[in-house]
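Report on the structure
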Amino acid sequence: MTHIDPIPAVAAPEAEEMFPLVSAQAGMRCMIHSLGDTLEHRLELLAAGLAPDQEIDVVSVCKRRHCVVACGQIRAAIGADLAQSVTLRPCGRCRENTS
């Protein structure tokens, strides 16, 4: 009888790895983890072409006014209140750009 090692479970992103969009820095490339606290916020961002698990580039961040993100040909300006509830997580290239 052969022994088969169990397949390791894929770990969920650690809470400390996730951060709000307003905490990102211009030039970072990250993955969208969540799109906001309310259905209205999520629908607004989905209509702008953004979605969870989508890779984005952070173009600019002004914590009191807005954040601008890019995804392919899409550029979206997100108000500061909404950007506070958009959660990002690092991707491989995000870590490279910040070090």
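Refer to the structure above for everything that follows.
In short, a report on the structure. (Residues numbered from 1 in each chain as written. Predicted model: local features only at pLDDT ≥ 70, side-chain atom pairs only at ≥ 80, totals over all residues. Heavy atoms only, no water.)

1. Points about the overall build of the protein chain
Operational definition: We count a stretch as a helix when DSSP gives it H or I for four or more residues in a row; a strand needs E for two or more, and each element gets its number in order from the N terminus. Note on exposure labels: buried denotes an accessible area under 20% of the residue type's maximum, exposed denotes more than 50%, and partly exposed covers the range between, all computed with a 1.4 Å probe on protein chains only. The criterion used for residue contact is that any of the two residues' heavy atoms lie within 4.5 Å. Areas reported here follow the Shrake-Rupley algorithm with a probe of radius 1.4 Å; residue values treat only the protein chains shown as occluding.
Helix and strand counts for the protein chain stand at three helices and six strands. Ordered by position in the sequence, the α and β elements of the protein chain form the string β-β-α-β-β-β-α-β-α. Relative to its 99 residues, the protein chain shows a buried fraction of 32%. In the protein chain, once contacts between residues fewer than 6 apart in sequence are set aside, the share between residues at least 24 apart is 64%. Element-wise, carbon and sulfur atoms account for 53% of the exposed surface of the protein chain, whose accessible area totals about 6,600 Å².

2. Looking at a nonpolar patch on the surface
Heads up, the rule is: A patch consists of residues whose relative accessible area exceeds 30% and which take part in no salt bridge; residues with like charges are grouped when within 9 Å of each other, and nonpolar side chains (Val, Leu, Ile, Met, Phe, Trp, Tyr) when within 5 Å. Only one rule defines a salt bridge in this text: a Lys or Arg side-chain nitrogen within 4 Å of an Asp or Glu carboxyl oxygen.
A contiguous nonpolar surface patch, about 290 Å² in accessible area, is contributed by L39, L43 and L46. As for its position among the elements, L46 is in helix α1 (residues 39-47). The exposure class assigned to L46 is partly exposed, which follows from its relative accessible area of 43%.

3. With respect to the sheet that holds strand β4 (residues 66-71)
To keep things clear, this is the line we draw: We treat two strands as partners when DSSP finds at least two bridges between them.
Read across the sheet, six strands follow the order β1-β6-β2-β3-β4-β5 without closing on themselves; strand pairing throughout is antiparallel. Each edge of the sheet is formed by a strand with only one pairing partner; in this case those strands are β1 (19-20) and β5 (74-79). Sheet topology places β1 next to strand β6 (residues 87-90); two bridges connect them, and they run antiparallel. Its bridge partner being in β6, F19 is matched across the sheet by L88.

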